[in-house]
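# Residue-level structural notes
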Amino acid sequence: MTKNIRLERVQKSYGGQVILQDINLTIPSGKFFALLGPSGCGKTTILRLIAGFESVDDGSVFLGDENITHLPINKRRINTVFQNYALFPHLDVYDNVAYGLRIKGVPPAQVEQRVSKILKTVHLDQHAHKSISQLSGGQKQRVALARAVINQPDVLLLDEPLAALDLKLREKMLLELIDLQSTLETTFVYVTHDQFEALTVADQMAIMNHDGQIEQVGTPKEIYEFPVSSFVAKFVGTTNIIEGKIAHVESQEAHVHVENLGLFKLFVPEHKEWMRKSRSIFMSIRPEKILISKQPVERFSNEVNGIVESIVYHGRSTQYNVRLKNDLLMCVFEQNEEHFAKEIIDYGHEVFLYWQKENAVLLER
């Protein structure tokens, strides 16, 4: 039976430097949860506190209803997969996976049954008696996963487990991790600084900033589409941040004045106290939400124009960087379709940029 994890007012310092301060976080049971943030923000420290490798300076850690703050590592039903896998080179695949069960004194017949089952789950049943040195990077990672989950932990912690793999293999292993979590229904906590990995695997995710504070918790879609702060908007994906002042808010529409650009409309699902007239704010517009055209287009809520300063070809899409008359550089992504069906936009061309009010987000911070 899986259990959720709760951190309540957790604090941790190293050598007088505060790493985590007053952290409150609930990781739901049976979900794939990602901790995403820049290097050095405290993600791995949270993992180590949950696992018991480090002790908290203040606050509490709960596994379900049990306070495990001071529980020894071997008493916690939590396993960890590290970046370097930490496999035993002198043991073959089977014995690496069986090691934990044998240490616990599990009867040999049961060891055989459980090891065979988990090796099939991770597609290594044909490699059971290979030495570790004969395996590829992806296979080693699956051995580490099998060894970690065979004891049926309530929680599996993964500390940047794909960092050593190349891009293609990393993408393949991400899908295998999703399948494994879905099959086992174990709570997975995945630490990464790679936004693509987090968006791919997570049912829910938490974004941490450079100061070790949690900026936002939500589904990948909620965090990408509705970031609450400029940090989240910029850290998760690419975005355009425009500074302005609230002119007025009525019903579910905010009007924001941007100096030298004019008035812009934004959809606001609910009116909040900070949405006051003349308040300085930031709004976020994702590059793929913007239409770029050399010709005027009707039906859009917002419009600006500028000069194409640079173009970056990404294969599936093209990135246009457009300098506006207030000197702001706007980034636009356009899907690459049949070239003959599109107008050609080149360096130095004057273009119009359009977006709907629903595609701009008013940021709280």
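Scroll up to find the structure this text is about.
Residues numbered from 1 in each chain as written. Predicted model: local features only at pLDDT ≥ 70, side-chain atom pairs only at ≥ 80, totals over all residues. Heavy atoms only, no water.

Turning our eyes to something else, we now look at the sheet that holds strand β11 (residues 240-250). Spatial strand order, β13-β12-β11-β14-β20: five strands in an open sheet with antiparallel pairing. The open sheet has two edge strands with one neighbour each: β13 (262-267) and β20 (360-363). Pairs of neighbouring strands in the sheet enclose a mean axial angle of 45 degrees, with direction left out of account. (Pairing = 2+ DSSP bridges. Helix = DSSP H or I, 4+ residues; strand = E, 2+ residues; numbered from the N terminus. Axes fitted to C-alpha atoms, helices over the stretch in contact; angles between N-to-C directions.)

Our next topic: the pattern of salt bridges. Taken as a whole and assessed by the stated rule, the structure comprises 14 salt bridges. The closest approach of N and O atoms between K289 and E225, which form a salt bridge, is 3.3 Å. In this pair, K289 sits in the loop between β14 (280-285) and β15 (291-293) while E225 sits in helix α7 (residues 220-225), placing the two residues 64 residues apart along the sequence. (Salt bridge = Lys/Arg side-chain N within 4 Å of Asp/Glu carboxyl O.)

Quick look at the packing of aromatic side chains now. Summed over the entire model, instances satisfying the criterion amount to eight aromatic pairs. Judged by centre distance (6.3 Å) and plane angle (25 degrees), the rings of F352 and Y354 are stacked. Y354 carries the same exposure label as F352, and that label is buried. Here the aromatic cluster, defined as three or more aromatic residues joined through ring pairs, consists of F32, F188 and Y190. Stacked on the ring of F62, the Lys or Arg R6 has its end atom at 4.3 Å from the ring centre. (Phe/Tyr/Trp six-rings, centres within 6.5 Å; stacked < 30°, edge-to-face > 60°. Buried < 20%, exposed > 50% of the residue type's maximum accessible area, 1.4 Å probe, protein only. Lys NZ or Arg CZ within 6 Å of the ring centre and 35° of its normal.)

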